[in-house]
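What follows is each chain in one-letter form.
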Amino acid sequence: MNQGKAEGVKSITWRDERLFFLDQTLLPGEVKIEEQRSVEQVWDAIKQLKVRGAPAIGVAGAYGLVVAMRGKISLDRGDFIQELEKQAEYLDSSRPTAVNLHWALTRVVDTLKASNARSGDELFNLLKQTAEGIHAEDVELCRSIGEHGVSLIREGMGVLTHCNAGRLATSDYGTATAPMYLAHERGIGFRVYSDESRPLLQGSRLTAWELQQAGVDVTTITDNMAAFVMQQGLVDMVIVGTDRVAANGDVANKIGTLGVAIMAQYFRIPVYVACPASTVDLSTATGAQIVIEEREAEEVTHFGLRRTAPEGIQVRNPAFDITPHELITGIITDRGIITPPFAESLKAAFSG
Ligand code: MRU
């Protein structure tokens, strides 16, 4: 395999008024950057996981609105806003679980509605500025998550992560990986175990790739090896990302996270979840209200292009699961590490 290089590679690039996504479905074999020329193409890239990870799809959605509206600057204010709302609803339908997509689209629409901009031209300029602002902010938020979480990682530790909550899932540094990157930059020696994360292998294809290229000591394991590795005393801490944190502290994350948290409890290993404020959804009371995306059966019946399950077999393919707050030690956010009781501490940190 002619493996691509992670160095300097960004999941989303906005340059000279043009939008580019790194096609993450091809990693680590190929680094292919694709220009996004239409809103349908952006919708499809989010759906197909070419761009993926909760913060990244928020940024992608915001720029998707720019792409959708660039041919509409001749509209008057009323028509422009009406069309913008329609396009935001369309993009929001691409993936249901990560709240960041809905959050970013709503923020763009609300900002334009609250503005005094009168013409389509003025509204479009504000739309661009807002999308660029969300993008720049994401870099800062990831950095803050890293600063708050870095002290958890100490010399000689083993840290297990699941799926990819890394640079590729955000605009920089990642969420779960932010404390890891900072600890590595500060010369702390630790090892990461990266769960493969079936069915789409974000752990081995993406997390292992980006950490390896950054020089972090990373070992990839299949999902069913995690308990054994924990039993051997190799894991001192779990850090994962999340797609939505409910008001009571329940978290949605890549399918398999619940199992990791249950195993960690058995072995008395602390479980940390890392996310920016945009992933905290105080309007969702508990994890039971979070919509779990069901994906195509082929992701389970096939390994790559090869069928590995019998024709006609019944399949379930939930892309996420809910980890109840009782299994979580702390939530590392850009505003500090939130600890139980989560209902109170999340409200204190994130309401208003
Ligand atoms: O289906 P994916 O690859 O978008 O799932 C991503 C995850 O589950 C991540 O852990 C989550 O979005 C956090 S990303 C910082």
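The structure presented is a predicted model; accordingly, all values stated were derived computationally and were not measured.

Re the UniProt feature "active site" (unreviewed entry) in the protein chain
And then number 1: As annotated by UniProt and renumbered to match this structure, "active site" (unreviewed entry) occupies Asp243.
And then number 2: The topology assignment puts Asp243 in the loop between strand S7 (237-240) and strand S8 (244-246).

Looking at the site of the ligand
And then number 1: Around the ligand sit 18 residues, and of these Arg52, Arg95, Asp243, Asn253 and Lys254 come closest.
And then number 2: Arg95 places a side-chain nitrogen or oxygen 2.7 Å from an oxygen atom of the ligand.
And then number 3: A distance of 2.7 Å is found between an oxygen atom of the ligand and a side-chain nitrogen or oxygen belonging to Lys254.
And then number 4: For the ligand, the accessible surface in isolation is 420 Å², of which the surrounding protein chains cover 100%.

Brief notes about the domain arrangement of the protein chain
And then number 1: Annotation of the protein chain at the domain level lists domain 1 (12-141) and domain 2 (144-350).
And then number 2: Placing the centre of domain 1 and that of domain 2 at their C-alpha centroids yields a distance of 25 Å.
And then number 3: Contacts between domain 1 and domain 2 engage 27 residues on the former and 31 residues on the latter.
And then number 4: Summed over both sides, the interface of domain 1 with domain 2 buries roughly 2400 Å², with 54% coming from carbon and sulfur.
And then number 5: Among the residues of domain 1 in contact with domain 2, Arg52, Thr97 and Leu141 are the three that bury the most area, contributing 27% of the side total.

Some thoughts on empty space enclosed by the protein
And then number 1: As enumerated under the stated definition, the model contains three cavities of 30 Å³ or more in all.
And then number 2: Approximately 190 Å³ is the volume found for the largest cavity.
And then number 3: For the largest cavity, the lining is made up of 23 residues, of which Arg52, Gly53, Ala54, Asn164 and Asp243 are closest to its centre.
And then number 4: Across the lining of the largest cavity, the residue classes tally to 10 nonpolar, nine polar and four charged.
And then number 5: Considered as a void within the structure, the second largest cavity measures approximately 80 Å³ in volume.
And then number 6: Lining the second largest cavity are Pro55, Gly58, Val59, Asn100, Trp103, Ala104, Ile134, Glu137, Asp138, Leu141, Pro276 and Ser278.
And then number 7: Here the lining of the second largest cavity takes four residues from helix H5 (residues 120-149), the largest share from any one element.
And then number 8: The residue inventory of the lining of the second largest cavity, partitioned by class, reads seven nonpolar, three polar and two charged.

A few points about helix H11 (residues 342-350)
And then number 1: Turning to H11, its buried residues number three or more, namely Phe342, Ser345, Leu346 and Phe350. One side of H11 carries all its buried residues, which in axial view fall inside an arc of 105°. Relative to its buried face, H11 has exposed residues pointing more than 90 degrees away, namely Glu344, Lys347 and Ala348.
And then number 2: Among the structural elements, S8, strand S11 (280-281), strand S15 (330-333) and strand S16 (336-338) are those in contact with the buried residues of H11.

Some details on the layout of surface pockets
The method is simple in principle: a probe with the dimensions of a water molecule rolls over the atoms, and the space it marks as empty is what remains.
And then number 1: Taken as a whole, the largest pocket holds about 660 Å³ of empty space.
And then number 2: In terms of lining, the largest pocket is formed by 20 residues, of which the most central are Thr25, Pro199, Leu200, Glu299 and Gly304.
And then number 3: For the lining of the largest pocket, the residue count by class is six nonpolar, five polar and nine charged.
And then number 4: Two domains each donate at least three residues to the lining of the largest pocket, and these are domain 1 (12-141) and domain 2 (144-350).

Looking at the UniProt feature "site: Transition state stabilizer" (unreviewed entry) in the protein chain
And then number 1: In this numbering, the UniProt entry assigns the feature "site: Transition state stabilizer" (unreviewed entry) to Cys163.
And then number 2: Mapped onto the elements, Cys163 comes out in the loop between strand S4 (158-161) and helix H6 (178-185).
And then number 3: In this structure Cys163 comes out as buried when scored by relative accessible area, which is 7%.
And then number 4: Not counting residues within four places of it along the chain, the set of residues in contact with Cys163 comprises Arg52, Asp195, Ser197, Gln202, Gly203, Thr207 and Lys254.

How each quantity is defined
Residues numbered from 1 in each chain as written. Predicted model: local features only at pLDDT ≥ 70, side-chain atom pairs only at ≥ 80, totals over all residues. Heavy atoms only, no water. UniProt positions renumbered as here; feature names shortened; annotations may be inferred. Helix = DSSP H or I, 4+ residues; strand = E, 2+ residues; numbered from the N terminus. Near = heavy atom within 4 Å. Polar contact = N/O pair within 3.5 Å; in protein donor to acceptor, adjacent residues only side chain to side chain. Areas by Shrake-Rupley, 256 points an atom, 1.4 Å probe, with all protein chains shown as cover. Domains from an automatic or database assignment. Contact = heavy atoms within 4.5 Å. Buried area = accessible area lost by both parts, 1.4 Å probe. 1 Å grid on protein atoms, 1.4 Å probe; cavity = no way out; pocket = protein on both sides within 12 Å on 5 of 7 lines; lining within 4 Å. Points joined across faces, edges and corners; volume = space filled by probe spheres on them. Nonpolar A, V, L, I, M, F, W, Y, C, P; charged D, E, K, R; others polar. Buried < 20%, exposed > 50% of the residue type's maximum accessible area, 1.4 Å probe, protein only. Arc of directions from axis to C-beta.

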